[in-house]
Each structure stands twice: as structure tokens, then as C-alpha cells.
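Observations on chain architecture
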Amino acid sequence: MSISRPILVLMAAFVISPTSGRATELIRITAQNVESIVPLGKEVDAIIGDWVLRNDQIVAVIAQPTQGRKANMTVRGVSGMIIDFTRRYDESDQLSCFYPAAGKYLFEDGSTYLCTIDGKQVPLAGAAALKGKEIQLQLSGSPIATDGSAATIRYILRDGEDAIHYQVDIENRSAAPIATNAGDSIRCDGELFQMSSHPESRLIALVDQFFGQGYGVHSDETLLEVTGNRPYLLAPAQDVKRELAPEETHSWSGRLVCSQGLPGILNWAQGISTNQRTIPMMLKLQSAIGPIEHAKVEFTRDGVSFGTLESDAKGAVRAKLLPGKYVATIKSAGREPRVHSFEIANSAFAETLTIPNASRIRLKILDSDQQPLAAKVQFFGRDGSTDPNFGPDSALHGVRNVLYLANGKLDQDIDPGKYHVIVSHGPEYDAVTMDIEVTQGCIENVGAVLPRVVDTRGWISADFHSHSTPSGDNVAHQTGRVLNLLAEQIEFAPCTEHNRIDTYEDDLLRLGVTKAMATCTGMELTGSLLPVNHQNAFPLHRHEHEQDGGGPQTDVNPITQIERLALWDNASDKLVQGNHPNIPQILGDRDLDGVPDQGFREMLSWMDVIEVHPAAIFTPPAADTSPKDKITNPIFAWLQLLNLGYRIPAVSNTDAHYNFHGSGWLRNYLASSTDVPSEISIDEVVHAAEHGHILMTTGPFLQAEVRLQHQGENRRFIAGEEIVVSDGIVPLWIRVQCPNWFDVNRVQVFANGRPVEELNFTRNSHPELFSNGVVRFELSAELNIACDTHLVVATIGEGLKLGPVMGPERGELAPAAVTNPIYLDYDGGGFQSNGDDLGVPVMLPPEE
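Residues numbered from 1 in each chain as written. Predicted model: local features only at pLDDT ≥ 70, side-chain atom pairs only at ≥ 80, totals over all residues. Heavy atoms only, no water.

Quick word on the overall build of the protein chain
Looking only at helices and strands, the protein chain features 11 helices and 55 strands. Against the compact-globule benchmark of 29 Å for 848 residues, the protein chain has a radius of gyration of 30 Å, which places it among compact chains. Taken along the three principal axes of its C-alpha coordinates, the protein chain extends 95 × 75 × 45 Å. In the protein chain, which comprises 848 residues, the share counted as buried stands at 59%. Counted over contacts in the protein chain with a minimum sequence separation of 6, partners at least 24 positions apart contribute 69%. In the protein chain, the 67 positive side-chain charges and the 107 negative ones have mean positions that sit 8 Å from each other. (Helix = DSSP H or I, 4+ residues; strand = E, 2+ residues; numbered from the N terminus. Rg over C-alpha atoms; globule rule 2.2 N^0.38 Å. Buried < 20%, exposed > 50% of the residue type's maximum accessible area, 1.4 Å probe, protein only. Contact = heavy atoms within 4.5 Å. Lys, Arg positive; Asp, Glu negative; His and termini not counted. Charge placed at Lys NZ, Arg CZ, Asp CG, Glu CD.)

Focus on unusual backbone geometry
For the peptide bond that leads from S528 to L529, omega is 10°, which places it in the cis range. In this structure, L529 sits in the loop between strand 39 (523-526) and strand 40 (534-538). Put simply, F538 and P539 share a cis peptide bond, and its omega is -10°. Looking at the secondary structure, you find P539 in the loop between strand 40 and helix 6 (558-566). Backbone geometry places R400, a non-glycine residue, at a positive phi of 55°. Along the polypeptide, R400 turns up in the loop between strand 32 (398-399) and strand 33 (402-405). In this structure, N570 is a non-glycine residue whose phi angle is positive, near 55°. On the secondary structure map, N570 appears in helix 7 (residues 568-571).

Here's the deal with the sheet that holds strand 35 (residues 417-424)
The strand order across the open sheet formed by 5 strands is 32-33-31-35-36, and the pairing between neighbours is antiparallel. At either end of the open sheet lies a strand with only one pairing partner, and these are strand 32 and strand 36 (432-438). Across 2 bridges, strand 32 lies against strand 33 in antiparallel orientation. Paired with G398 across the strands is L403, a residue of strand 33. Most of the contacts of helix 4 (residues 478-487) go to strand 33, to which it runs at about 80°, and overall it touches strand 31 (375-381), strand 33 and strand 35. (Pairing = 2+ DSSP bridges. Axes fitted to C-alpha atoms, helices over the stretch in contact; angles between N-to-C directions.)

Looking at the pattern of salt bridges
As enumerated under the stated definition, the model contains 43 salt bridges in all. A salt bridge links D169 to R154; the shortest N-O distance between them is 2.3 Å. Taken together, the positions of D169 in strand 12 (residues 163-172) and R154 in strand 11 (residues 149-158) put the pair 15 residues apart, joining distant regions of the chain. Looking at D169, the relative accessible area reads 11%, which means it is buried. A single network of salt bridges, built from pairs that share partners, joins R335, R360, R362, D411 and D413. (Salt bridge = Lys/Arg side-chain N within 4 Å of Asp/Glu carboxyl O.)

Side note on the pairing of strand 51 (residues 754-762)
On any regular strand, side chains alternate: one points to one face of the sheet, the next to the other face. The sheet contact formed by strand 50 (residues 746-751) and strand 51 spans 5 bridges and is antiparallel. In the sheet register, F750 faces strand 51, and the bridge partner there is P755.

Comments concerning the environment of T479
Here T479 lies in helix 4. Note on T479: relative accessible area 2%, which makes it buried. The sequence separation of T479 and G148 amounts to 331 residues, and the corresponding C-alpha distance is 47 Å. Once you skip the residues sitting within four places of it in the chain, T479 turns out to touch L396, D507, R510 and L511. A distance of 2.8 Å separates the side chain of T479 from the side chain of R510, its partner in a polar contact. (Polar contact = N/O pair within 3.5 Å; in protein donor to acceptor, adjacent residues only side chain to side chain.)

Remarks on the packing of aromatic side chains
Enumeration over the complete set of coordinates arrives at 19 aromatic pairs. For the pair W741 and F742, a centre-to-centre distance of 4.8 Å together with 85° between the ring planes defines the contact as edge-to-face. Classification of W741 as buried rests on a relative accessible area of 13%. The class of F742 is buried, set by a relative accessible area of 3%. Grouping aromatic residues by their ring pairs yields a cluster made of F299, Y326, F342 and F349. The lysine or arginine in question, R707, covers the ring of W733, its NZ or CZ lying 4.0 Å from the ring centre. (Phe/Tyr/Trp six-rings, centres within 6.5 Å; stacked < 30°, edge-to-face > 60°. Lys NZ or Arg CZ within 6 Å of the ring centre and 35° of its normal.)

Overview of the sheet that holds strand 25 (residues 304-310)
Judged by pairing direction, the sheet is antiparallel, and its 4 strands sit side by side in the order 25-24-27-28 without closing on themselves. In this open sheet, the two edge strands, each paired with only one partner strand, are strand 25 and strand 28 (338-344). Each strand axis lies, on average, 25° off the axis of its neighbour in the sheet, ignoring direction. Of the pairings in the sheet, the one linking strand 24 (residues 296-301) to strand 25 comprises 5 bridges and is antiparallel in character. The residue of strand 25 that forms the bridge with E298 is T308. Set on the sheet, helix 3 (residues 262-274) makes contact with strand 24, strand 25 and strand 27 (324-331); between it and strand 25 the angle comes to about 135°.

A word on the nonpolar core
Among soluble globular proteins, nonpolar side chains are generally buried collectively. If you look at the biggest cluster of nonpolar residues, it comprises 63 residues, and the most contacted ones within it are L26, V78, I82, F85, Y155, I164 and I186. The greatest single-element share of this core, amounting to 5 residues, is contributed by strand 3 (residues 58-62). If sequence neighbours within four positions are ignored, L26 has contacts with W51, V52, L53, C115, L124, A128, A129, L130, I135 and L137. Formed by 62 residues, the second largest nonpolar core is a distinct cluster that contains A462, V532, F600 and I610. (Core = buried A, V, L, I, M, F, W, Y, C linked by side-chain atoms within 4.5 Å.)

What to know about the environment of F600
Inspection of the secondary structure puts F600 in the loop between helix 8 (583-588) and strand 42 (609-611). When the C-alpha atoms of F600 and D302 are compared, they prove to be 67 Å apart, with 298 residues separating the residues in sequence. Beyond its immediate chain neighbours, meaning those up to four positions away, F600 contacts L529, V532, N557, P558, I559, Q585, I586 and R590.

Some details on helix 9 (residues 634-643)
The buried count for helix 9 comes to 10 of 10 residues, which makes it a mostly enclosed element. The inward-facing, buried residues of helix 9 contact helix 8, strand 42, strand 43 (650-651), strand 53 (789-796), strand 54 (816-819) and strand 55 (822-825). Once helix 9 ends, the next one or two residues include G645, with phi positive near 100°.

Notes on the pairing of strand 2 (residues 51-54)
On strand 2, burial covers both faces: W51 and L53 on one face and V52 and R54 on the other are all buried. Here strand 1 (residues 24-28) pairs with strand 2 via 4 bridges, running antiparallel. From the neighbouring strand, R28 faces strand 2, where its bridge partner is W51. As paired strands, strand 2 and strand 3 are joined by 4 bridges and run antiparallel to one another. Bridge pairing in strand 3 places L53 opposite A60. Adjacent in sequence and paired antiparallel, strand 2 and strand 3 are bridged by 3 residues.

Some details on the confidence of the model for the protein chain
Counting all residues, the mean pLDDT for the protein chain is 94, and 96% of those residues have values of 70 or more. Contacts for the low-pLDDT stretch residues 1-21, under 50 throughout, to residues beyond four places or in other chains number 38 contacts. (pLDDT = per-residue confidence, 0-100.)

Points about helix 6
Every buried residue belonging to helix 6 is among P558, I559, Q561, I562, L565 and A566, and all of these are buried. The arc that holds every buried residue of helix 6, seen down its axis, measures 165°, which confines them to one face. The elements touched by buried residues of helix 6 are strand 39, strand 40, helix 7 and strand 41 (575-578). (Arc of directions from axis to C-beta.)

A word on the environment of G803
Within the secondary structure, G803 is located in the loop between strand 53 and helix 11 (807-810). We classify G803 as buried; its relative accessible area is 16%. Expressed as a C-alpha distance, the spacing of G803 and A814, which sit 11 residues apart in the sequence, is 8.8 Å.

Notes on the side chain of D169
Among the polar contacts listed, one links the side chain of D169 to the side chain of S251, at a separation of 2.5 Å. For D169, the contacting residues outside a window of four places in its chain are A150, A151, T152, R154, T249, H250 and S251.

Okay, structure coming up:
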């Protein structure tokens, strides 16, 4: 076999690494070195003040000793723990946290930390970088539940090794016996991680095949047993509580290893038990048009499988394997499986395999001006072909049967077959459908021109609430979230990760589309109790590489928490949003016992907007509904709030957590002086939202205006504005627009929260007002009022669905849209709310 020079160069990077010849290092992360020493990966949580422990093979981050240090919202108590860990040759951190002693102790006192280099203790305080052949970091911890014990952890890393050694000592420092258990825990989040137990090697392995990272925990003394889930508790098999006499110590030790996947971990563990050295191996898969990514390569030796690796962006699968003869079975989309045999001796092995070109689709999506257009492209198998699976819910460009395009172009391998294709770019554009057939080994060009048919001039689309993996309660790639937003034509989206001020700017830069979507920093401050103690705010000042991005901390009192958020950054101008609220609980039932109390009503004074969902306005609760049950219909409770004088605008957002149709099915439209995303002013967005110039929609673009003479001029008043209507005659104009992939059949006007019978229009009752064109409905009508009135206009496709453009789940929803109120001041004395409970009791204290 021959090895080309490029492969030799790559092999050198794998075997030697860029820092070969340097010592093992312990480096404190600072503002000056953070960009150069923190590892890469989807789950990196390092901040300034943490420690990087690395050699030429692996790199880990040990969280600094400080009270309250957390990796993210759900990964807490991490001081002294390993929070990032990956190999050096292709960094892809996917670790949430490794907890020696299973998180039962806190290691927050940095004065107890000791460092030994090559057997000599050296000062740790004030040290920026330490080097040696062997570095040992010793930490002392106190128990979370005081029982008279103390814990010591030692991390040991040596030159050239693939694993971090650790030892745990639990000492009884009390005057009486105590009971203790051995055990560590590891947290690797997401459905992609597959856990396996290997008793013969005293090994537990967790592997994320798609993102190319596997972890192994190896016990030095005994078999490990796994219990729990997120985090997994790793304890000696059949372990029982051990009684420690005063001054007695219980100790155990092990090693934490990482590799591109399971084959490297299993061979490493076998090498320990047989005292054999593993050898670096790399197969590079390429075709005539470039490297082959996400090919699945299963390795067997002597008929025994060691698991599967997926090739990286360079087409490489890499591991350290024991010497022997191997068979690699290679499977990739659009190609026939290939079986390849090779032998590893006692030196580094590298080989390039040239594989025939796959069947492939070449996408080119344009707008009507022939300019590249971000798009969502779905593929459905037909005539016996199955739906493709481009990647998991947490992936970037390819998510299940969907491809997301940032700039209208993408090449993608796909199995030969017949497919139905849907190309879309949100509800302002017509969708294009087509049937294609992909032939083995050939490229099928898939082109589409999407016309922008809905006229939204003067309004921009926005989603104020979505998440990705930095939030800590999901593992969706953040760049994938941004791709999802772009493909759905969201023109403004703040970054609102849980309990962390973050940004999308680096994702837009990575995709090369910084002008395609306006954004700003923000966060969701997420505390207990649920669901009332969740609030979004933007913009916020981000302190990059600091705990929580420099954001505020949660509080058990929702009133205190939202006030803290509103006053953050020296009370800077920001939008504060109440998320998915239980409005009756906030208004007057704090403990949810059905007995009215003061609730958390002070929260409402800090809310600029409140989150509801539009379609439920057509299904109000029954008159005998308990107020505490109205959480299932927050838009109805919002209408009650308006009647009680709480003039808080409403918004609708996706709260998306995964990338499969996560964004796009729900959005806001805000009045704007520009329709160009790169020109959007964040201040203008905040002020438009604060004033209620907002439409909430699952797709239809609904406009409602009061058109009358005002101070000698013809004026158009939109949602959020207040008008004096002294003669009681309100000229109302309504228009609904839809693209070609969904429809509406009802328009309803609500006055002070109650439907106006004479202003209820359906396609059956008023067919002359509806059409099948882009403008589905248009009306100019007059409404007579005799008191102060707020008007809300809504539309819906009753019995209709958004359909497959929005995916299998959200596509089942009805097209619906609701405006915020236009306030009509009847007597010129300023708008006064009428207190109407809309026929359903409101949870208020008796005196009110």
C-alpha cells in the first residue's frame, strides 16, 4: 500500500500533535490566552479562571474553585471537576462533567489545592502556567451533607498518555464511625450518547458517534456498575456501604480516557489489561470530489466488533488500536458498503481509501431576483424509497430529512431513489414542491426559485425565545439553531440561552451571513418555581468567558428575580418578557391552592411583554373553569389582564430547543422603519415591542388598522396605539395574506376581549370577502362603540393545518394570527379598562 504525503502530514498531526516535545502543562485560563488554549467542541464550558490540563494527546478543563461555579443551568457544583475533555488531534468536547466522588463533596476552597510536578510540590496560587513530565493536582473537598468526612481528589497527567488518572480518598475526621460508598459520576447529555459496560476491562464507555467523541471510565481495582441517568453513577459492582472508623480512609482510583469513538476506548482498555501499547491508526476516506464526512466505519478484529466511528469533516476516522489484522466495513449515504482489510504492526498506520462518488443532490435556491436564498429543503421517500436521515435533531445543516441552507447552495450525499421535495423560506414566500429521482453515482441538480408573495413592508419577523446547547437543557448545536432561524426567514432573533448571556454573532460569522439576520445578546433567566419564574431580556451586556456571561443569578422569589433582571446593567433599556406564564398564579394564586391571594402580582409591573399563543383565542375556557386551570389558555387570561388594566403587550415565540423544525412555526411581526435585516435597530425593536406594535402568528400576515381623521390628517393607527374616538364610529381596515401552502377561513374582531358577533367573518358566511389569492381576506368596516374599548383582531384556518412545510408535529397546527390591541378612548379622558372577567372568574383577593 502507498501513503501519500498529505496523509503523512495528517498522520504526524495525529501522532505527534502541534505541541509535541513540550511538557505536560497546567495553565490558568486568562483573558489573554483563553482563545488559544480552551479546547473546541459543542459542549465547551470553560471560563476565565479555570485550569487547562493537557499533554500532547489530550486536553481537559478543570473548573476553578469558587462558590457557585456551574458549567451551565443544569450542570452545577463543578468546582474542581473536569468539565471539558477531548483529544488534541481533532478537538470535539462533548462532556458535561466528570465528578470524582459523584458530586457528594464541594471543592470550592482554592487554598487547599496542591500541585506536584515531577514529584516536587510547587505553588499553585498566582501561577499562570506549569510544566513537567508528570503533573498532579490535589483538591480537598467538604461534604454537601455534613457527616464528618472529607474528600481528596488527585488528577494525574503524564507525557504521552491518553488518559487522566484520578484517585479519591474519603477520610473520616469525626469521632464516630461513618458509612460511605465508593463511586464517581459522569454526565454526557443528549440522546446521541450510547452507554456500554465492559466488565472484562473494568470499563464504562459513553460514545457520541455523530459528533465524534467517546469517553471511557476505567476502574483500577474492581468492576463498575452503572445506575441512574444524567449523570450516570459509576460504582463498584455489588458495592455496599462501608463503615469507616475515625481517621480511617476509603480510597479508589481510575482513569478517564477520550477517543473519537468506541474502537479506540476498547483497545486502550484492553491494552491496559494485557500490558500492550496501542498504535495510532487513521483511515482517510475520499472521493474524486473531496473528503467523505459522516461515513460509518465499523472495526472488527478476529471477528469481534470494536464499534463504529463516523468520519470527520476531513473524511478521517482515527483511533489507537492494538496490533493485529482488522476489517473495516464502510457505509456512507449514496454508496454501496465497502469492506477493507488492513494490518497494524508496531508503528503508526495511515491509509487513504478512494471511494467512488456517491449519488448526490446539488441544491441551488434563489429568490425572484435570482439571488441566493436561505432555505429549508425536505425530502420524502416515494415509490418504495425511504426518507433520508441526514443527521440527528441536534445537528447543523442536515437534520433528519431536512437540509438547512444558509446561502442557497449545498451539496449532499443521498441514497439513490425517488423523492418528493419541499423547498420553503417561511410564510412570506411560496413553497415549491417537486419530485426527483436520484441515480446511483450521479449528481441530481435540485433548483428552485421562491417568490416573496406576502407584502410585509413596515414590519419585521422576530422570535424572542429559542435555545440551543449552551442552555444546558438540550444539546442542539447553536449554529444549527441559527441555520433554522435563517431558513425560516426570521429577521430578528436575540440569543436567549438559559441563565447565560450569549450571542449568535459568531454563528452568523461562521456561516458568512452576518447581514441576513439582526441579533443581539440576551438570556432567559430560569429559576424555580415553574413556570412563572422564567423571564427573557435583551439586549444585555455580555462578559465573554465569564460565569454565565456576566448575567444575573436566579432567585426563588419570582418578583425579586424579574426585578433583578430588569435593573441589570444599571437599569439599561431592555425588553423584559414573561415566559410561558401561569397568569392566574401570578395574578392571585401564589400557592396554586385555588384560594385567592396576592400571587406574584408585582411581577407584572416589571414585564414589558408577556408570552401567549394565538390560536387559543378562538377556544375560550368554559364559564365554570377554575382560574388556576387557565394556564392552558394564557391568551384568554391575557385578555382578562387587559380588562383589569394591565396594559402588557403579548408576544408569541417558539421556545425552540431542537433543530428539527424548531424555529419558524410561531413568530411575531413588529412595526419597523426598515425591512432590511442589517439595518434593524435593536432599540427600535425594543420600543416597538414595549408599545405593543406586534402581530402574533403561526404564519398568516394579519393587518388591522383604524383609519380616521386625526388632527386634520388621515391617520392609520396600528396595534399598541391609542386613539380618541369622540363620535363612537371606528373605521376598521383588515387584511390577511398567505402564501400558497396554507389558508385561513375566519376573521374575528374582539372588543374588550369579547367576540363581536357582527364582525365575525367566515369563508362560508361571507365568501365575497375571501379569495384564493395571496390576499385571502380584506375588509373595510365600521364599528360603533359607546365606551373605552380595546380592539383585537384574529384570523384562523378552522379545520385546516399548516401542513408538511412546518414538519410532522407543528404542521398539524392551524394557521392563526392575533394582533395586539388598538386602544379606543371614547370620551377623551384617557383609556380606562372595564374590569370584565369575560365570564370566567379571575383569581383576585376578596377585597378586589
